Amino acid sequence: MNKLLRILRHRWLDSRDSRRLIPDDMALRLSRRITASEARHSGEIRLCVEAALPLSYLWRLGNGSTVRLLARERALSWFGRLGVWDTQDNNGVLIYLLLAERSIELVADRGLSARVDQARWQAMVDRLAGQLRHGAFEDGLTQALEEVSALLVEFFPTEAGATNPNELPDLVVRA
């Protein structure tokens, strides 16, 4: 896609589009799914839906940066901003959706990423991308939450009788 057209598409979208595609009732259902998931493992899941990349990212298009690399960089920025890296067991996961590109990124902290190979993460991203192409945002995000939850239950299950503090908010971030 032409650089100028891509920039215009990103400038056209804003947080209102995130709220339109992920309305309050859907965000609440997704937040409840996160809460239910975190009762089964010690990990923390954050979900961030961003309408478009900031202009500072877009200017770098064509300078060796692709939209895919910029989306990954932006997801890493949100990962830090939301404190997903700052969990006791280093097992936080960010599910990041960039609406302008229908791009999904999964960013896992080192405690989980060391146990899951890249092919498994990519398969999850590919399945979610298929849902997004069809406009099934809630189904796709729910599937992503379930798959991330399954990984966290596999590697970081809640011990019987152990307390599991909620280290991060379960709210969906819409930007």
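Structure shown above.
Since the structure is predicted, the reported quantities are computational estimates derived from the model, not experimental observations.

Peer 1: Now, about the sheet that holds strand β2 (residues 92-98): what can you tell me, with residues and values included?
Peer 2: Spatially, β3-β2-β1-β4 is the arrangement adopted by the four strands of the open sheet, whose pairing is mixed. Strand pairing shows two members of the sheet lacking a second neighbour, β3 (103-108) and β4 (173-174), which therefore form its edges. With six bridges connecting them, β2 and β3 associate as antiparallel partners. Across the sheet, Tyr96 pairs through a bridge with Glu105, a residue of β3.

Peer 1: Residues and numbers for a nonpolar patch on the surface, please.
Peer 2: On the surface, Leu4, Leu5 and Leu8 cluster together into a nonpolar patch covering about 310 Å² of accessible area. Checked against the element boundaries, Leu4 lands in helix α1 (residues 3-12).

Peer 1: Would you mind going over the pattern of salt bridges in detail, with residue names and values included?
Peer 2: Within the structure shown, the criterion is met by 15 salt bridges. Close ionic contact of Asp25 with Arg29 constitutes a salt bridge, the shortest N to O distance being 3.4 Å. A residue pair is termed a helical-turn pair when its members lie 3 or 4 positions apart in one helix, as Asp25 and Arg29 do in helix α3 (residues 24-38) at four residues. A salt bridge links Glu138 to Arg29, with the nearest nitrogen and oxygen atoms 2.6 Å apart. Here Glu138, found in helix α8 (residues 137-155), pairs with Arg29, found in helix α3; they are 109 residues apart in sequence, far enough to count as distant. Judged by its relative accessible area of 33%, Arg29 is partly exposed. Several salt bridges converge on common partners, so that one network encompasses Asp25, Arg29, Arg33 and Glu138.

The rules behind the values
Residues numbered from 1 in each chain as written. Predicted model: local features only at pLDDT ≥ 70, side-chain atom pairs only at ≥ 80, totals over all residues. Heavy atoms only, no water. Pairing = 2+ DSSP bridges. Helix = DSSP H or I, 4+ residues; strand = E, 2+ residues; numbered from the N terminus. Patch = residues over 30% accessible without salt bridge, like charges linked within 9 Å, V, L, I, M, F, W, Y side chains within 5 Å. Areas by Shrake-Rupley, 256 points an atom, 1.4 Å probe, with all protein chains shown as cover. Salt bridge = Lys/Arg side-chain N within 4 Å of Asp/Glu carboxyl O. Buried < 20%, exposed > 50% of the residue type's maximum accessible area, 1.4 Å probe, protein only.

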